[in-house]
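Listed here are the chains, written in short residue letters.
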Amino acid sequence: VNFKWNQSQDQLNAAKMIVHKLTPPIMAKSSGLKNITTVSKYWFQLSSDTTSPSFVSNDSTLADTTKLVSGLNNLTNYWWRVRAINEAGWGSYTGWNKFITIIDTPNIPTLVFPVDNAFNQPDTSINLKWTPAERAQLYHVQISTDSLFSSIAFGDSSNYDSLNISLSTGLPLLKSNTNYFWHVNAQNVGGISPFSSVFRFMTLVLPPTNVKAVSGNKVNTLTWDSSFSSNILKYKIYRGTTSPASTLIDSTSLTTYVDSGLANNNNYFYRITTENKLFIEGPFSLEIKAAPYNMPPHAAILNNIYQPNSGKTLTEQYSFSSNGSSDPDGHIDSVFWYKNNQFISSQVQLLTNLSQGTNKITLVVEDNDGAKDTSVAYVNRSMFKTSLNGPIYAGPSLLSSNILYAIGTGDAVYRIDSTGTIVYSIQVGGDVKSSSSIAFDTTIYIASSDKNLYSFSKFGNSMWPALPLGGVMTSTPTIDTVTNQLYIGVSNKNFVAVNRLTGNVNWSYFADAPIVTSAVITLDRKLVFATISGNIYGIDLNNISQPVSPVWQLSLQDSILSSPAVDADGNVYFCTSTGKIDKISMQQNQQPQIIWENNINSRIVGSPVINGNNTLYVGAFDSLFYAINTQTGKIGWTFGTSAPIESTPAISNTGIVYFGNDAGEVYAIDSTSNVHWYYDDSTSIKAPLLYNNGTLYVGTLGERLIAFYDNADSLFTQNLSLNKSKKINSFSYNPPIWGTFQGNNQRTGVPNGKLLTSIAKSQTNLPKEFSLSQNYPNPFNPSTIIRYSIPKSSLVSIKVYDVLGRVITTLVNEEKNSGNYQVEFNASKLSSGFYLYRIQAGDFISVKKMLLIK
């Protein structure tokens, strides 16, 4: 407060000063009075109480009639007085003058934040800020949707003593994407200042929410939720091949957008903003990623075909169609058909010939965008499939093209004709896990786990009582056609020679360990067998000592679980359980020598076979099928399969080798490991395979005997009979040296095929001309034996006719090597009378007559 008073005047000859006029300040202002110049100074007092003065100001040094006092309290009663002094001394105080303090109206606040015309301010929590106004005690804020504040969105009636206000949860919320105007005034007890200038701000232009993308063929379809604001003008779409998306590609007023013409399987990133009617663009939405793709076509479903009894039909025609194929986002543009993975057609309809075995038909459809789909069908064809009553561990044996013997373990030996029909079964005790061997006179020999050896005629009649040999037998009897003996090893370590006609034991030899594999007879009539310990024995059948003892022994220091093979030079090949393959020389009057040894380091239980080019084949537990050069012992190639190979292969006269594995797969491959055909069965194949004149026989642990027709050999046989070329397509006629288990289809353990041709060169007792002998006995009832001689390999046909020239039966119809043969004719179903039998072998034809008397 600024206090003023009039100057005091002296009285003549007076000793003290009298203040004539003293006016206290009113409303913080005092009247201006004229000073009396005779006064030298003043004493000013200001108190908040007159009874017991509490001086706020007590100043006796004033030379002027003005006093400025600061720091007074608001709305407070104060009293003040003044006295003057001159040469005479201090005069009297004026009386106490009372006044009440007040405050001037505050200054106008200055707005700070948000700045004028600010955009994208939050609508859920906004801070308003201003500079402090002088003398301001309180502030008042107004927010309006118009600049005249006729529509107040927020007018807080409370007073703020801070310099900002925060609108957040609990306060009225502003609308997004809306223009707002705001101002502030200041207030104290002295009054209210005018409002500040008006600032405008716009609340946030919210980005779209719930942005999604659905990918399609070269397209991404974007969708998002609407902002539900009348101020929205459009949405802007940003895209990028990397994050963050920054390239504006388009705008739309809709809440969906189709982005087309994209590259399939590429990643695209998207962000979307909102633009209001003032062309103000809000922040980005959350980013999403999408990759367009072509929806693949759907190939028509192809049905598997199963024909287990196709008979001797090499191929049959099948029809398949691609109708039913479709493309959900385009159209089918191309069709491709494959047979066994080889392309064959691009037509909608497929007509194709399929051979026996498993044929894989593959349909591939391609749409207009290059996407593909595949459908597969398998066509399984076999000549016949016959169910036995036990798993088949033993390989079938073949007496002729029409007579097959198969063994179901734990059940019986079955005689089966060329159609797969079971003619009869031979019941034996125990389990039979080895093949039956068949003599040239059609007698059948069977070894069993019941420790007995059995003999039956081809009609199933016992030839002699079961012969007990004191141990389990798991090997096939070896037939010596020269001495009419059987040789078989027993688990009790005995190796036994049995007279095959009488069933009497001629001699035996006690070996070092059990014998579980079959013996073979070499070219110079060495009987060779091995024990499970790996010892190999040789007995000279031309000079048997008494008692019988081996002429030599050889140890391979490893267990032998498979029967050996013999080549054209009389060398013997053994395989061991650890994977060793040994070629052993058997020269006349010399001790055996190991010529070479190859260790494939995988267990071998199947027997080896040898083709016409001196290549040895054998399968192993490592699931590989090996081709080994018999001259060098080196591996020529391997063929991989999906499971261990335990079965013994079989080789055709055209060099095709057949084998099965534990996965039930059957392969027919050529000498360079190319697949000729394939079959997939569901159960393991452990039995040796058998092949004869175009037919392959396979036994499975699933109690099935399956026959497949492969006509390569049949075509060669026909060509040879017509004196035509010995080469068809890429296959040559080249009979194997040791083409199956025990060397021949009758499982006798003696050479067959090309090996017999080699033997014939060194023997003088082979026939030099074709001949057909008179049957014996004649007359007969009901069976008789017909003998014939073949001087060279020929296709032999022997048929029986009635007197009217009608064919009664075919006894022989197959390729025969040089040699003397006999065949039995049973007429039990015929009536008495004369019959004719006719042989044709190459150009040789002969007919004879026989008499049946019942």
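Residues numbered from 1 in each chain as written. Predicted model: local features only at pLDDT ≥ 70, side-chain atom pairs only at ≥ 80, totals over all residues. Heavy atoms only, no water.

Our focus in this paragraph is the environment of V428. Here V428 is to be found in the loop between β35 (422-427) and β36 (437-438). With a relative accessible area of 12%, V428 lands in the buried category. Sequence-wise, V428 and A466 are 38 residues apart; in three dimensions their C-alpha atoms are separated by 9.1 Å. (Helix = DSSP H or I, 4+ residues; strand = E, 2+ residues; numbered from the N terminus. Buried < 20%, exposed > 50% of the residue type's maximum accessible area, 1.4 Å probe, protein only.)

Before going further, it helps to spend a moment on the packing of aromatic side chains. Evaluation of the coordinates by the stated rule reveals 42 aromatic pairs. Measuring from centroid to centroid gives 5.7 Å for Y338 and F343, while their planes differ by 70°, and the two rings are edge-to-face. Judged by its relative accessible area of 27%, Y338 falls in the partly exposed class. The ring of F284 is capped by R271, whose NZ or CZ atom sits 3.6 Å from the centre of that ring. Over the ring of F834 we find K849, and its NZ or CZ is 4.9 Å from the ring centre. (Phe/Tyr/Trp six-rings, centres within 6.5 Å; stacked < 30°, edge-to-face > 60°. Lys NZ or Arg CZ within 6 Å of the ring centre and 35° of its normal.)

Where charged atoms of side chains with opposite charge meet at close range, the side chains can pair. Enumeration according to the criterion identifies 17 salt bridges in this entry. Ionic pairing is found between E281 and K236, a salt bridge with its closest N-O pair at 3.5 Å. Residue E281 is located in the loop between β22 (268-276) and β23 (288-290), and its partner K236 is located in strand β19 (residues 232-240); the two are separated by 45 residues in the primary sequence. With a relative accessible area of 26%, E281 lands in the partly exposed category. Take K236: its relative accessible area is 14%, and that puts it in the buried class. In this structure, the salt-bridge partner of D259 is R239, at a minimum N-O distance of 2.9 Å. Of this pair, D259 sits in strand β21 (residues 256-260) while R239 sits in strand β19, and the two are 20 residues apart along the sequence. Classification of D259 by relative accessible area gives buried; the value is 4%. Residue class for R239 comes out partly exposed when judged on its relative accessible area of 24%. Bridged by salt links that share partners, the residues K234, K236, E275 and E281 form one connected network. (Salt bridge = Lys/Arg side-chain N within 4 Å of Asp/Glu carboxyl O.)

A few words now on the confidence of the model for the protein. Per-residue confidence for the protein gives a mean pLDDT of 86; residues scoring 70 or more make up 89%. Per-element confidence in the protein is highest for strand β53 (residues 615-619), whose mean pLDDT is 98, and lowest for helix α2 (residues 754-762), whose mean pLDDT is 43. Segment residues 167-171 is flagged for pLDDT under 50; beyond a separation of four residues in sequence, or across chains, it makes 11 contacts in the model. (pLDDT = per-residue confidence, 0-100. Contact = heavy atoms within 4.5 Å.)

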